[in-house]
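# Survey of secondary and tertiary structure
Now for the letters of each chain:
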Amino acid sequence: MPGSRAATLVLLLSLLVVVCVMQALRGPPLEGSSPPEAPPLAVPERAVDAGITRENVASADRMQSLMRRRLLIPVQGVDRAQLRDNFDEKRGGIRRHEALDIMAPRGTPVLAAGDGVIAKLSRHPLGGITIYEDDPERNYSYYYAHLDRYAPGLHVGQAVRRGEVVGYVGSTGNAPAWAPHLHFTILDLSGPARWWGRRAINPYPFLAGGSR
Ligand SMILES: [Zn+2]
């Protein structure tokens, strides 16, 4: 009967459509013909995002390790509200200051910002009486300048603890006698040294608190 044959054909076609739709809904076949692995993208690292480079990520890791040290404001009695971020100020119209000047009366104790080892004690025409204190991993050096004098007995190789008195605020070097202050910065020992010394890191965001 032509009628029932047509009906069977329609039924078969419908079944075929249903099976196809179900296959499509199940997604790609599970076994056998998995699609070939996409080749790795040959995008140059710097082209992915101009801000994300291996150097920047390594630098961010170092910044976090510095943040974890919870560095102390290295002048006794000075709290965060009294700090001014003058790291980027131009000095002498030529170069950036690259340090914080922390104003305090002459003779105020200067405290180790973090645990470390006294790496160098020097007198400098600009910095005056100075201390370089390396952190325990020797990633950074804390630099204290314009000191009036050192703490008694302070010597190279001495281990100091965060908050220990290492010297006293003064105006040696090129600081005006009427404005004694501590010139403080953090030097990055991990990067390449520049012709005038190590790259300076702004201590301002890292100084967690003061000591009274
Ligand atoms: Zn300064």
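On a predicted model such as this, the values are computed, not experimentally measured, just so you know.

### Observations concerning the confidence of the model for the protein chain
- Taken over all residues, the pLDDT of the protein chain has a mean of 81, while the share at 70 or more is 71%.
- When the criterion is pLDDT under 50, residues 27-34 qualifies, and its contacts beyond four places in sequence or with other chains add up to zero contacts.

### Regarding the pairing of strand β11 (residues 181-188)
- Among the eight residues of β11, six are classified as buried, and the element is accordingly described as predominantly covered.
- Here strand β4 (residues 100-103) pairs with β11 via four bridges, running antiparallel. Bridge assignment links L100 to a residue of β11, and that residue is F184.
- Relative to β11, strand β8 (residues 140-150) runs antiparallel, the two sharing six bridges. In the strand pairing of β11, Y143 is matched with T185.

### As for unusual backbone geometry
- Look at E98: it is not a glycine, yet its phi comes out positive at around 55 degrees.
- Note on placement: E98 falls in the loop between β3 (95-96) and β4.
- Of note, the phi angle at R138 is positive, near 55 degrees, even though the residue is not glycine.

### Topic: the nonpolar core
- Ranked by size, the top nonpolar core spans 33 residues in total, and within it V75, V110 and Y144 carry the most contacts.
- Contributions of two or more residues to this core are made by β1 (71-72), β4, β5 (109-111), β7 (128-134), β8, β10 (165-169) and β11.
- Of the residues forming this core, the biggest block, six residues, is contributed by β8.
- Not counting the four nearest positions on each side in its chain, Y144 is found in contact with P74, V110, T130, I131, V166, G167, L182 and F184.

### Comments concerning the environment of D115
- Secondary-structure assignment places D115 in the loop between β5 and β6 (116-124).
- Separated by 46 residues in the primary sequence, D115 and R69 place their C-alpha atoms 8.6 Å from one another.
- For D115, the residues in contact, after removing those within four places along its chain, are P136, R161 and R162.

What counts as what
Residues numbered from 1 in each chain as written. Predicted model: local features only at pLDDT ≥ 70, side-chain atom pairs only at ≥ 80, totals over all residues. pLDDT = per-residue confidence, 0-100. Contact = placed C-beta atoms within 7 Å. Buried ≥ 20, exposed ≤ 12 C-beta atoms within 10 Å, placed from the backbone. Helix = DSSP H or I, 4+ residues; strand = E, 2+ residues; numbered from the N terminus. Pairing = 2+ DSSP bridges. Core = buried A, V, L, I, M, F, W, Y, C linked by C-beta atoms within 7 Å.

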